[in-house]
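Each chain, written out:
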Amino acid sequence: MNDEHLRFCASAEWAAVVRDELLPWVLGDEGLGDDVLELGAGPGLVTDLLVERAARVTAVELDPALAAALEERMAGHPVEVVTADATALPFEDGRFSAAACFTMLHHVPTRQLQDLVLAEARRVLRPGGLLVGTDGEDTPARRALHVDDVFVPSDPAELPARLRAAGFVDVVVDSTGDRFRFRAAVPAR
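By convention here, each chain's residues receive numbers from 1 onward along its written sequence. Totals for whole chains, interfaces and linings use all residues, but because this is a predicted model, local features are given only for residues with pLDDT of at least 70 and pairs of side-chain atoms are given and counted only at 80 or more. Only hydrogens and water are set aside; all other atoms, that is, all heavy atoms of the structure, feed into the side-chain values.

J.: Describe the overall build of the protein chain, with residues and values.
T.: The secondary structure content of the protein chain amounts to 7 helices and 7 strands. In the protein chain, the succession of α and β elements from N to C terminus is α-α-β-α-β-α-β-β-α-β-α-α-β-β. We compute the radius of gyration over the C-alpha atoms and compare it with the globule rule, which gives 2.2 Å times the number of residues raised to the power 0.38. Relative to the globule expectation of 16 Å for 189 residues, the C-alpha radius of gyration of the protein chain, 15 Å, shows essentially globular dimensions. Here the C-alpha coordinates of the protein chain stretch approximately 45 × 40 × 30 Å along the principal axes. Across the 189 residues of the protein chain, 50% fall into the buried class. Considering only intrachain contacts with a sequence separation of at least 6, the fraction spanning at least 24 residues in the protein chain is 67%. Every accessible area reported is derived by Shrake-Rupley at a probe size of 1.4 Å, with residue values counting cover from the shown protein chains alone. When the accessible surface of the protein chain is summed, it comes to about 8,600 Å², and 52% of that surface belongs to carbon and sulfur atoms. Under the counting rule used here, the positive set is Lys and Arg, the negative set is Asp and Glu, and His together with the chain ends is not counted. Charge positions come from single atoms, namely NZ of Lys, CZ of Arg, CG of Asp or CD of Glu. If you average the places of the 18 positive and of the 32 negative side-chain charges in the protein chain, the two averages end up 5 Å apart. Secondary structure is summarised from DSSP: a helix means a run of H or I of at least four residues, a strand means a run of E of at least two, and numbering begins at the N terminus for each. Only protein chains enter the accessibility calculation, which uses a 1.4 Å probe; a residue is then buried when its area is under 20% of its type maximum, exposed when over 50%, and partly exposed in between. Contacts are residue-level and defined by heavy atoms, with any inter-residue pair within 4.5 Å sufficient.

J.: How would you explain the nonpolar core if you had to name every residue and give the values?
T.: Note on terminology: a nonpolar core comprises buried Ala, Val, Leu, Ile, Met, Phe, Trp, Tyr and Cys residues joined through side-chain atoms within 4.5 Å. Of all hydrophobic cores here, the largest spans 29 residues; its most connected members are L37, L39, L131, L163 and F168. Where this core is concerned, the elements lending two or more residues are β1 (35-39), β4 (96-102), α5 (111-124), β5 (125-136), α7 (159-165) and β7 (179-185). When residues in this core are grouped by element, the largest group, 4 residues, is from α5. Leave out the neighbours within four places in its chain, and F168 touches L118, A121, R122, L125, L131, L163, A184, A185 and V186. Core analysis: the second largest hydrophobic core is formed by 28 residues, W14, L32, A67 and V79 among them.

J.: Run through the environment of D48, naming residues and quoting values.
T.: Topologically, D48 is positioned in helix α3 (residues 45-50). As a C-alpha pair, D48 and H77 span 29 residues in sequence and 9.6 Å in three-dimensional space.

J.: Tell me about α5, residues and numbers included.
T.: Taking 1.5 Å per residue as the helical rise, α5 with its 14 residues ought to reach 20 Å, and the 20 Å between its terminal C-alpha atoms agrees with that figure. Within the sequence span of α5, burial applies to Q114, V117, L118, E120, A121 and V124. Considered in projection along α5, the buried side chains sweep an arc of 160° and stay on one side of the axis. For α5, the elements touching its buried residues are β1, β4, β5 and α7. A helix is expected to reach a length of 1.5 Å times the quantity of its residues less one. Directions from the helix axis toward the C-beta atoms define the arc.

J.: I'd like a description of the pattern of salt bridges, backed by residues and values.
T.: Between Lys or Arg on one side and Asp or Glu on the other, a salt bridge is scored when a side-chain nitrogen of the former is within 4 Å of a carboxyl oxygen of the latter. All told, the structure shown has 14 salt bridges when counted by the stated rule. Between D93 and R123 there is a salt bridge, and its shortest N-O distance comes to 2.7 Å. Placement of the pair is D93 in the loop between β3 (79-83) and β4 and R123 in helix α5, with a sequence separation of 30 residues. Notably, a salt bridge pairs E158 with R111, separated by 2.5 Å at the nearest N-O pair. Highlighted residues: E158 in the loop between α6 (140-145) and α7 and R111 in helix α5, separated in sequence by 47 residues. Counted as one network, the salt bridges with shared partners bring together D35, R56, E80 and R95.

J.: Describe the sheet that holds strand β6 (residues 169-175), and please don't skip the residues or the numbers.
T.: Read across the sheet, 7 strands follow the order β3-β2-β1-β4-β5-β7-β6 without closing on themselves; strand pairing throughout is mixed. At either margin of the open sheet sits one strand with a lone partner, and together these are β3 and β6. Each neighbouring strand pair of the sheet contributes to a mean axis angle of 15°, computed without reference to strand direction. For β6 and β7, the ladder comprises 5 bridges, and the chain directions are antiparallel. A strand pair is defined by DSSP finding two or more bridges across the two strands. Orientation is described by lines fitted to C-alpha atoms, with helices fitted over the stretch in contact, and by angles between N-to-C directions that extend from 0 to 180 degrees.

J.: Let's hear about the pairing of β4: which residues, and what values?
T.: The side chains of a regular strand alternate, residue by residue, between the two faces of the sheet. Counting buried positions along β4 gives 7 out of 7 residues, so the element sits mostly inside the fold. Relative to β4, β1 is paired through 3 bridges, and the arrangement is parallel. What sits directly across from V36, in β4, is A98. With 6 bridges joining them, β4 and β5 adopt parallel strand pairing. Following the sheet pairing, A98 is matched in β5 by L130. Handedness of a crossover is defined as follows: orient the strands so they point away from the viewer, and if the path from the first strand over the helix to the second runs clockwise, the crossover is right-handed. The parallel pair β4 and β5 is bridged by α5, and the resulting crossover is right-handed.

Below, the structure is given as C-alpha cells:
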C-alpha cells in the first residue's frame, strides 16, 4: 500500500465508513459464528468490529509491520494476528465458522492469486461456513488512490462464477457501480 492509501485506511473517516456503511451492508443480520477469519486485516478497522460479533477472530495480514501493530493494539482482545499470505493459509481445513474479506482482494496482484485466496478461504471454512466481503470497483478515483500500489480490481459480474469455481454455493454479489459486496457459503454436509 502506498503511504496515502495506508493513511486513509487507518483514518477515522474510513473507520466510520466501515462501521456505518460497509459492515451493515455486507453482513445485514447474518451471524458469523464463533471463530471468524479476517483476510488482509491491514490497520485493523474491520477487526475492531468483527471482535464485537464473534467470540474469536483470527486476523491474517501479509505485511509484518501492519501485523505487529495490530497484534499490539489487539492485546487483551480475543484476536490472534497471524502474519501470513492469504494464498497459503497456515490453518487446518474446516476450522472457521466465517471468513471476512473487506477491501483487500484488489491488493492481490493477479486474478489467479485472487482465485487462490478464494479457494483457501473455502478450504479453511467449516461445512455451512460463510465468506463475506466487499471491494471497490475500478473507478478513476480508486485508481488515483492506488498510484504505485497493487490494484487489480475484480469484476463483480465475474465474481459469482469465480466463487462457485472455488467451491462455494449460495453465491450473492451486489454492485453499486462503485463498490460490491459478496456472500457465499460452503456446502453443508
